[in-house]
Amino acid sequence: MPTTDAILEVRGLSKTFPGVKALQDVDFTLKKGEIHALMGQNGAGKSTLIKVITGLYKKDGGEMLLDGKPFECDSPEEAPKIGISTVYQEVNLIPNLSVAENIYLGRQPMRFGAIDWKTLNRNAAEAIKKLDLDIDVTQPVSSYSIAIQQLVAITRALDVKARILILDEPTSSLDAAETARLFDVLRKLKSEGIGIVFVTHFLGQVYDISDVITVLRNGRLVGVKSVDELPRLALIEMMLGKSADEVECVEKGAGEAGDAVDAECFLRVQGLGRRGAIRPFDMEIHKGEVLGLAGLLGSGRTEIARLLFGVDKAQEGRIFVKGQEARLTSPRKAISLGFALCPEDRKSEGIIADLTVRENIVLALQARTGIFRRLSPKKQEEIVDRYIKALDIKTSSPEQKVGDLSGGNQQKVIVARWLASNPDFLILDEPTRGIDVGAKAEIENLILHLSREGMAVLFISSELAEVIECSGRVAVLRDRVKVAELPREAINESNIMKAIAQTEGQ
Amino acid sequence: MSFNPACLKNENLGKLVWPLVALFAIVVFNVIFTPGFFNLEIKDGRLFGSLIDILNRGAPVMLVSIGMTVVYATGGIDLSVGAVIAIAGAVAATIIRPDYVKGVIEYGEMAPLVTVIGVPLLLALLAGLWNGALVAYVGIQPIIATLILMVAGRGIAQLITEGKIVVFIHEPFQFIGGGFLLGLPVPIVIVAVMLLVTYLLTRKTALGLFIEAVGANPKASQYMGIRAQLIKIATYMFCALCAGIAGLIICSDIKAADANNAGLFLELDAIAAVIIGGTMWGGRFTVAGSMIGALIIQTLTTTILTRGIAPEVTLVFKALVIICVALIQSEAFRKILTGRLAKTEAGQS
Amino acid sequence: MKIRLNQKNIPLLATIAVFFLIYAAGSFLYPGFFSLRVFVNLFIDNAFVGIIAVGMTFVIISGEIDLSVGSVVAFVGVLIATLVQDYNMHPLPAILLCLVLGAAFGCAMGCLIHFFKLPSFLVTLVGMFLARGLAFLLSLNSIPIKHDFFEALTDFGFQLTRKVWIPSIAILFVAVVLLGVFLSHFTRFGRNAYAIGGNQQSAILMGLPVGKTKILIFTLDGALCALAGIVYSLYTMSGYPLACVGLELDVIAAVVIGGTLLTGGVGYVEGTLIGVLILGLIQTFITFQGTLSSWWTKIAVGVLLFVFILLQRYLSSAYSGREARGRDGKKAAQAEAA
């Protein structure tokens, strides 16, 4: 699409990592004063594309043009100099330094060979005001909320006279009001002729703000459409690569198994709470039941999982396991009560990447039996073979490093690890995040299967459809408060959304 | 005994190949240039020869390397081993001659061997407990936590001997450093026993697996119910125990406690041995590799000595060897190297 | 930069309190402790420690560590002595050569750390033994330095009062501290060091020259170590390959006691100065006390370092707790902002 007002053009870009073709022959064009949404599932290649443009990765092939002239950044230091600024999903600021300094790091105003702190602070205060923020710029950035930090990061990005602004999932930690404010800023920038690349997972926001949508899938370009031409369903189909009907391959009717309110109560929680994590809440989970936890990111879902597993200690409330009061002081204690946790952050809290599939699977059971009763190699092999087969873990051998497996298979290894130690209560925190559609369905089926065999399951997921599909009951969280509990017959998307939205009005 | 094929992974064998080649090269050098390098003699039922000598001299390094290996595998490091060696020696010597530092030349009542050995080793364990507690419970970086004891510990050793070199005669104790058992010098026997104990402890129980898990991902290990903190403390205590034993051997061998120089720079030798052996900083460990590493270090030292170069200068060689091995293991280095090679090849063709 | 009274400044305040406490105790217990002369001597006796500590402050602020400092001092001392005594070189070019070598040594370590992603403790540990070995290679024994120019350098200085003489090395120490303060607060280089220590990943993504800064920090550190080696040889008028074993602990202790966080990102060169003076005070105290052996200094430094690390730990955990609550109070902050 050769156009006269295109500022950034990418043609036939490819990038390969060992074993993965992250980008293959991708085209991308950004025009002046355009908000361009970049969409795709996890692993589609959005982040890679951005990182190649900003010079964090080197391209393997293709060309990139800025104002029609070829360019390539050797390092992220160069991108801002040619007018490309980026704000990343994780707020990338230096927590200990002041807001003002964070805005001007690397380009502080100098006077007589020294940093001119007065001018710096004054300029920063002015720049911050442009975004309708009124904060003390001399305070450390870490003393402000994540939302404000995100706006500070944007202030920094804009201050370099950026012509291209790349926003990589800037709204994932913002609430509705904060997002609205950000969008006002974006519209203002757009009217000033800045080209904006906007990466997000939230469909609604794409339709609110963007003009054009580029969809990637598995490192390839699927299509470029203007927003008006692309209805939501079509967009989802482009992202998933299949029609919506096909996606729902989870066994229908299986949900009944997740409904076992009459069965013996396994875990009862009374007024459990921790300051800064979750307000006191009550909860009951029965044997053979799947309890879903729905809520936005940061609503306290993971915090509940951590409290129940003894990672964080509750400051108030009581816990009863099978009718007996229990104190959860450490993960070890929770495990001894039959709890298991598949944590949200798979890489840093779940798998041990350097160890083999076999070792990862037997570790939890081994920790339970103790140091001196080592499982015999034969026993280990038996267990590992059983779970590799049962969960269909795709690995070349049990002795392969877990770090070399795909995300979905890593998740299965973590599940296998706990199944091997035969827990009564399984907490799954975002077990399907970042894994492909097929593996997702398998894990959902597995959850239902386990609950049918009598296991109590706490299932946390950002994807409402999943929660609805698998859960016998759903607890809804908002802003670190448990706001509702929906029984089986009331579980549907609109009820959950209403429960989340209700308190928002208050 | 059932044999687990998993023990003999290609990964592990491959790791040992390069250290073995290096050791072999040094040995070949010696065979050519040092006459009688391979000669072994049996005198009075005791083995003598250059090889035995290297093993005997290398015993302290090998012992400390065993301990350092497990600490290194948990993602830690122990700089205090040299100081612990000095403390162990100082305590042992002071027990034998309690009043020597006050200028009393006469020995008191002959201290029983159990006390002479037991008390220093208990103190060594205490030192390890201190290190481990700082790392595991207080959360101080291992390098700093053990640096405190590295310097202050030598100060403590100096205090015990009041800055003097305590010389002594104590027949039973001298057996540890200078005696023979089954025709072999006792230090070699001690190393062999410690190796066996370590093998049984780490590979015949789940301890080895737990150490690797804790080193590779402490958080995930904790979430699995592994007592990561206890394991870390145990490794530091084990390392200090090894250092303590090494300290007794050194002290018994020279029949004196020298708080200033005993075990000085030994931490470098041990760390070098561990790195050369292929143990990961936080993750997989191989005691066998560390032993090969220790032998390389010791053979190198002996070789340099027989060439007539001052022993202190070996520091330079050792430092260079470590940095080379660390570079070869560094992924970034390999990438740059292969990248350059590919480029020059492309340029030539 | 204004120094606010918040939790992050507590270590620094504690440092100042400790300084006055020891000073007061010494003055109270021993006649002659509270005198200008003793105070000036702190700057003379600890000049070499202080000069290295300034370099180390930057290294630790950037989240790294340098264990090689003591050995580099010994190496430089022996090198100067060898050049001047054995090769009859004039001290001036010898000094310049040492500074260049020190900077190159630091630069090389920085490159290894940055380009090959090796942990700094490993690289500098190797550096520690390498420099020590090189010192031994030059000489196994102490070499006294006798040269007119050297003596002239030592004698250079000015008379403060009738009894108190301020020599060149004390002046040099103060100059290096001032340079450090300037670099840390008023240059991009200094601020980048803070940024790298605060969050290296962010610093990279913010487009800061992370690699260049790191290498420069180690180069500066190496040059300052060499300078300290020169000062040390002026101070002792000799070069000794076994000099300054364990100096790295003293230096790290001075930096940490001065309020620099071992985890990086927070620290003050001003604080380091006070940390160095505290170490000096302990030494003076033990000298005045008379019956304590000098080994107590090492132990006292170890204990003090331990206490300050505990203090940092406690404060940083309290701080992160507050941060979590800060996130909880997101609503409030937003209301405030709107």
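It should be noted that the structure appears before, not after, this text.
Throughout what follows, the structure given in this document is the object of discussion. Numbering of residues starts from 1 in each chain and follows the order in which that chain's sequence is written. To label them, take the chains in the order written and letter them from A, then take the ligands in the order written and number them from 1. pLDDT decides what is reported in this predicted model: residues at 70 or higher carry local features, side-chain atom pairs at 80 or more are listed and counted, and totals for whole chains, interfaces and linings draw on all residues regardless. Only hydrogens and water are removed before side-chain values are computed, so all heavy atoms of the structure are retained for them.

## What about the sheet that holds strand 9 (residues 164-168) of chain A?
Either a parallel or an antiparallel arrangement is found when strands of a sheet pair, and the pairing is made through backbone hydrogen bonds. All names here are of chain A. What counts, and what does not: Pairing between two strands is assigned when DSSP locates at least 2 bridges connecting them. Numbering of helices and strands runs from the N terminus; a helix is a DSSP stretch of H or I covering at least four residues, while a strand is a stretch of E covering at least two. Axis definition: a line fitted to C-alpha atoms, over the contacting stretch in the case of helices. Angles run 0 to 180 degrees between N-to-C directions.
Overall, mixed pairing links the 6 strands, which are arranged 6-9-10-3-11-12 in an open sheet. Of all strands in the sheet, those bounded by a partner on one side alone are strand 6 (84-87) and strand 12 (220-226). Mean inter-strand twist for the sheet, computed between neighbouring axes without regard to direction, equals 20°. Inspection of the sheet shows strand 3 (residues 35-39) paired to strand 11 (residues 212-217) by 4 bridges, in the parallel sense.

## A short note on the nonpolar core
In plain terms, the rule: Residues belong to a common nonpolar core when they are buried Ala, Val, Leu, Ile, Met, Phe, Trp, Tyr or Cys residues joined through side-chain atoms within 4.5 Å. Throughout this description, buried means an accessible area under 20% of the type-specific maximum (1.4 Å probe, protein chains only), exposed means over 50%, and partly exposed covers the range between.
Of all hydrophobic cores here, the largest spans 345 residues; its most connected members are Leu-186, Leu-267, Phe-309, Ile-361, Trp-418 and Phe-425 of chain A together with Ile-252 of chain C. Ranked by size, the runner-up nonpolar core spans 25 residues in total, among them Ile-50, Val-52, Phe-71 and Leu-216 of chain A.

## Remarks on the interface of chain B and chain A
Stated precisely, the cut-off is as follows: Whether two residues are in contact is decided by their heavy atoms: any pair within 4.5 Å suffices. Throughout, buried area stands for the accessible area (probe radius 1.4 Å) lost by two parts on being put together, summed over both. What counts as a salt bridge is simple: a side-chain nitrogen of Lys or Arg found within 4 Å of a carboxyl oxygen of Asp or Glu. Identification of polar contacts relies on pairs of N or O atoms within 3.5 Å, with a donor-acceptor requirement for protein atoms, meaning one able to donate a hydrogen and the other able to accept it, and with residues adjacent in sequence counted only if both atoms are side-chain atoms. Residues are sorted three ways: Asp, Glu, Lys and Arg are charged, Ala, Val, Leu, Ile, Met, Phe, Trp, Tyr, Cys and Pro are nonpolar, and all the rest, Gly among them, are polar.
Counting from both sides, the interface comprises 27 residues of chain B and, opposite them, 33 residues of chain A. Interface area, chain B with chain A, both sides summed: about 2500 Å², of which 64% is carbon and sulfur. Area buried by chain B at its contact with chain A is led by Leu-209, Tyr-223 and Met-224 of chain B, which between them contribute 30% of it. Here Lys-219 of chain B makes a salt bridge to Glu-349 of chain A, at a shortest N to O gap of 3.5 Å. Applying the counting rule to chain B against chain A returns 8 residue pairs in polar contact (both at pLDDT 80 or more). Those elements giving two or more residues to the side of chain B that touches chain A turn out to be helix 7 (186-203), helix 8 (207-216) and helix 9 (218-223) of chain B. Here the element with the most residues in the side of chain B that touches chain A is helix 8 of chain B; it accounts for 6 residues. Residues that form the side of chain B that touches chain A fall into these classes: 12 nonpolar, 7 polar and 8 charged.

## Re the side chain of Thr-286 of chain B
Residues and elements named next belong to chain B. Mapped onto the elements of the fold, Thr-286 is located in the loop between helix 11 (266-277) and helix 12 (287-306). Judged by relative accessible area, Thr-286 falls into the buried class, the value being 10%. If near-sequence neighbours (up to four positions away) are discounted, Thr-286 is found in contact with Leu-16, Thr-69, Gly-277, Gly-278 and Thr-279.

## Notes on the environment of Pro-218 of chain B
All names here are of chain B. For Pro-218, the position within the fold is in helix 9. Residue classification places Pro-218 among the partly exposed residues on the basis of a relative accessible area of 38%. With 144 residues separating them along the chain, Pro-218 and Thr-74 place their C-alpha atoms 8.5 Å apart.

## A few points about the packing of aromatic side chains
In plain terms, the rule: Working definition: a ring pair exists when centres of Phe, Tyr or Trp rings (six-membered ring for Trp) sit within 6.5 Å. Plane angles under 30 degrees give stacked, over 60 give edge-to-face, the rest tilted. Lysine NZ or arginine CZ positioned within 6 Å of the ring centre and within 35 degrees of the ring normal marks a charge as sitting over the ring.
Under the definition given, this model contains 26 aromatic pairs over all chains. Measuring from centroid to centroid gives 5.8 Å for Phe-19 of chain C and Tyr-23 of chain C, while their planes differ by 20°, and the two rings are stacked. Separated by 4 residues within a single helix, Phe-19 of chain C and Tyr-23 of chain C lie in helix 1 (residues 10-29), roughly one turn from each other. Residue Phe-19 of chain C shares its accessibility class with Tyr-23 of chain C, and that shared class is buried. Centroid distance Tyr-30 of chain C to Phe-288 of chain C: 6.0 Å. Interplanar angle 35°. Geometry classified as tilted. A residue pair is termed long-range when its members are at least 10 positions apart, and Tyr-30 of chain C in the loop between helix 1 and helix 2 (36-45) and Phe-288 of chain C in helix 13 (residues 269-289) qualify at 258 residues. By relative accessible area, Phe-288 of chain C is classed as partly exposed at 29%. Three or more aromatic residues joined by ring pairs make a cluster, and in this case those are Phe-19, Phe-20, Tyr-23, Tyr-30, Phe-33, Phe-34, Phe-39, Phe-43, Phe-173, Phe-285 and Phe-288 of chain C. Seen from the ring of Phe-285 of chain B, Arg-203 of chain B lies directly overhead, with NZ or CZ sitting 4.4 Å from the centre. Just above the ring of Tyr-194 of chain C sits the side chain of Arg-191 of chain C; from NZ or CZ to the centre is 4.5 Å.

Remember, this is a structural readout, not a statement about activity or role.
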